[in-house]
Amino acid sequence: MQLTKDEERMLNGEMGYAVRKSMEILTALGDIYGADRLIKVGSVQVAGVSYHNLGDAGLDFLNELARDGKVKVTTTLNPAGMDLENWQNLGISEDFAAKQNLVIDAFTRMGILISCTCTPYLIGNLPRYGEHIAWSESSAVTFANSVIGARTNREGGPSALAAAFVGKTPRYGLHLDEKRIPNIQVKVDANLTRLSDWGALGYCIGKKAENKIPFITGIKEVELDELKSFCASVVTYGSQPLFYMQGITPGAENQIAPKESVIVEDRDIREAYDNINDQVTDIELVCVGCPHCSIKEIAEIAELLAGKQVAESTEFWVATSRLMKQLSDKRGYTATIEQAGGKFACDTCMAVAPLKGRFKSLATTSAKGCFYSRQNKMLTKMGSMRECVEAAVTGKWN
Ligand code: F3S
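Predicted model, so just to flag it, every value in this text is computed and none were measured. (Residues numbered from 1 in each chain as written. Predicted model: local features only at pLDDT ≥ 70, side-chain atom pairs only at ≥ 80, totals over all residues. Heavy atoms only, no water.)

Caption draft 1: Main features of the overall build of the chain. Counting its secondary structure elements, the chain contains 14 helices and 14 strands. Looking at the chain as a whole, 59% of its 398 residues qualify as buried. Long-range pairs, those at least 24 residues apart, make up 78% of the contacts in the chain between residues at least 6 apart in sequence. About 16,500 Å² of surface is accessible on the chain, with carbon and sulfur atoms providing 47% of the total. Of the charged side chains in the chain, 44 are positive and 48 negative, and the gap between their average positions amounts to 3 Å. (Helix = DSSP H or I, 4+ residues; strand = E, 2+ residues; numbered from the N terminus. Buried < 20%, exposed > 50% of the residue type's maximum accessible area, 1.4 Å probe, protein only. Contact = heavy atoms within 4.5 Å. Areas by Shrake-Rupley, 256 points an atom, 1.4 Å probe, with all protein chains shown as cover. Lys, Arg positive; Asp, Glu negative; His and termini not counted. Charge placed at Lys NZ, Arg CZ, Asp CG, Glu CD.)

Right, dumping it as structure tokens:
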């Protein structure tokens, strides 16, 4: 990879330890993937924030970088392992909270915005069309590439951090026109009426696309929350973190529909539900907000939950960003949800909080949420927001 004089000085350590380490990571990646040079990035989003996933080795790595590392571009964080302000309310242990706070301290010293959300595009880290960025959360990467038309590979935590300290990333993969060409057409001929149907569609397309870039036709109408749910699911279940949706993705009109084509019909959607849903009736945890809830989703939850009470046998979590929670406070949604016994899980989510062994069953609107909760040994049910709220109130999945 060709380096400029400045970049060589960075690699030689003239600009400090964190920058040298970052250049080592970026040049190694560039060499592996055949990048010709580094390119500037407009923003960075860093995953690998939960102490649950990092452990002490990860914390040591972050503390080393935080000695002299300062980010050069707007950098936001993925969810952490707990609600940073209200962790006791979610049953997080003091030991875990102490370690998680050390992780957050390290990121704070680096100059990163402690946003702790997988929907950075809803809280001010919004790239423009065509902009090169270095993001790591898979659903956010897919949203940035496919809904906004920005350009990012699916970075790992360390490579995203490295891009933040250098302000650049190696030019390969989804930064290049030739690697962004769709190679499978997906015709959608299915009736999608509920939020969870978009997770089911993501499941179907992810499985059928098998690591290809889908060119999706047949979608007549789709809302933002449906797109974020679809983005989370399609990449979790198998496609590349980029799709073209006719009428939605900027630049889709300039792409040629691929010859290889598959179809998704109602029976595929039903099959997706069958595969995602386990045989379980008693629900111990209901968690909505994967990806993190928008203010519109929180408003819907408040409306569905008003005047009701969450069952004693069940916890009901609303996972969202702190900024969205503040809007919810102002609108009175928080009071309605909390009076009914619901809990806000700000800054965190069901996949990165230390939940293994705590709950045997989960209900959610999210196909991605089911995927990760199964890894945490939970039986899962996916359904509409209304079905999830009903499960929270009755403790049962009907
Ligand atoms: Fe976000 Fe966690 Fe889902 S990071 S996309 S809420 S698994």
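Caption draft 2: Expanded view of the nonpolar core. Ranked by size, the top nonpolar core spans 46 residues in total, and within it V44, L77, F107, M110, L161 and L355 carry the most contacts. Where this core is concerned, the elements lending two or more residues are β2 (43–46), α3 (51–66), α4 (94–109), α6 (157–166), β10 (285–293) and β11 (315–320). If one sorts the elements of this core by residue count, α4 sits on top with six residues. Not counting the four nearest positions on each side in its chain, L355 is found in contact with L285, W317, M350, N376 and M378. Listed in part, the 37 residues of the second largest apolar core include Y121, V141, Y203 and Y273. (Core = buried A, V, L, I, M, F, W, Y, C linked by side-chain atoms within 4.5 Å.)

Caption draft 3: Representation of the sheet that holds strand β14 (residues 379–382). Taken in spatial order, the five strands of this open sheet run β12-β11-β10-β13-β14, and their pairing is parallel. Two strands lie at the open edges of the sheet, namely β12 (343–346) and β14, each paired on one side alone. Neighbouring strand axes in the sheet, compared pairwise and without regard to direction, differ in orientation by 25 degrees on average. Where β10 meets strand β13 (residues 361–364), two bridges bridge the pair, whose relative direction is parallel. Residue pairing across strands places V286 opposite A363, the latter belonging to β13. Taken strand by strand, helix α10 (residues 295–305) contacts β10, β11 and β12, and its axis lies near 155 degrees from that of β10. (Pairing = 2+ DSSP bridges. Axes fitted to C-alpha atoms, helices over the stretch in contact; angles between N-to-C directions.)

Caption draft 4: Focus on α6. Burial of α6 is extensive: nine of the ten residues sit out of reach of the surface. Residues of α6 that are buried include every one of G157, S159, A160, L161, A162, A163, A164, F165 and V166, and no others. Looking one or two places after α6, you find G167, whose phi comes out positive at around 80 degrees.

Caption draft 5: Layout of the site of the ligand. The environment of the ligand is formed by P79, C118, E137, S139, G289, C290, P291, C349, A351 and K368. Here the shell around the ligand takes three residues from β10, the largest share from any one element. Considered class by class, the residues forming the shell around the ligand number six nonpolar, two polar and two charged. (Near = heavy atom within 4 Å. Nonpolar A, V, L, I, M, F, W, Y, C, P; charged D, E, K, R; others polar.)

Caption draft 6: Here's a closer look at the environment of C293. Take C293: it is sitting in strand β10. Overall, the relative accessible area of 1% leaves C293 in the buried class. Linking C293 and A47, residues 246 residues apart in sequence, is a C-alpha distance of 18 Å. Leaving out residues up to four positions away in the same chain, C293 has contacts with K228, V288, I298, I301, V318, A319, T320 and M324.

Caption draft 7: The sheet that holds strand β6 (residues 184–189), seen in detail. Across the sheet, which stays open at both edges, the four strands sit in the order β8-β7-β6-β9 with parallel pairing between neighbours. With one partner strand each, in any of the chains shown, β8 (244–245) and β9 (261–265) form the two edges of the open sheet. Across the sheet, helix α7 (residues 195–209) is in contact with β6, β7 (214–217), β8 and β9; its angle to β9 comes to roughly 155 degrees. Against the sheet, helix α9 (residues 266–276) contacts β6 and β9, and its axis sits at roughly 70 degrees relative to β9.

Caption draft 8: Geometry of helix α5 (residues 138–148). Counting buried residues along α5, eleven of its eleven residues qualify, which places the element largely inside the surrounding structure. Buried residues of α5: S138, S139, A140, V141, T142, F143, A144, N145, S146, V147 and I148, and no others. On its buried face, α5 is in contact with β4 (134–135), α8 (224–236), β10 and α13 (367–375). Of the residues one or two after α5, G149 is the one with positive phi, at around 85 degrees.

Caption draft 9: The pattern of salt bridges, seen in detail. In total, this model carries 23 salt bridges according to the counting rule given. Between D36 and R171 there is a salt bridge, and its shortest N-O distance comes to 3.0 Å. One end of the pair, D36, is in the loop between α2 (17–33) and β1 (38–40); the other, R171, is in the loop between β5 (168–170) and β6, and 135 residues separate them in sequence. In this structure, the salt-bridge partner of E387 is R194, at a minimum N-O distance of 2.7 Å. With a gap of 193 residues between them, E387 in helix α14 (residues 385–394) and R194 in the loop between β6 and α7 connect regions that are remote in the sequence. According to the relative accessible area criterion, R194 is partly exposed, its value standing at 27%. Sharing partners across several salt bridges, the network here consists of D83, E85, R322 and D347. (Salt bridge = Lys/Arg side-chain N within 4 Å of Asp/Glu carboxyl O.)

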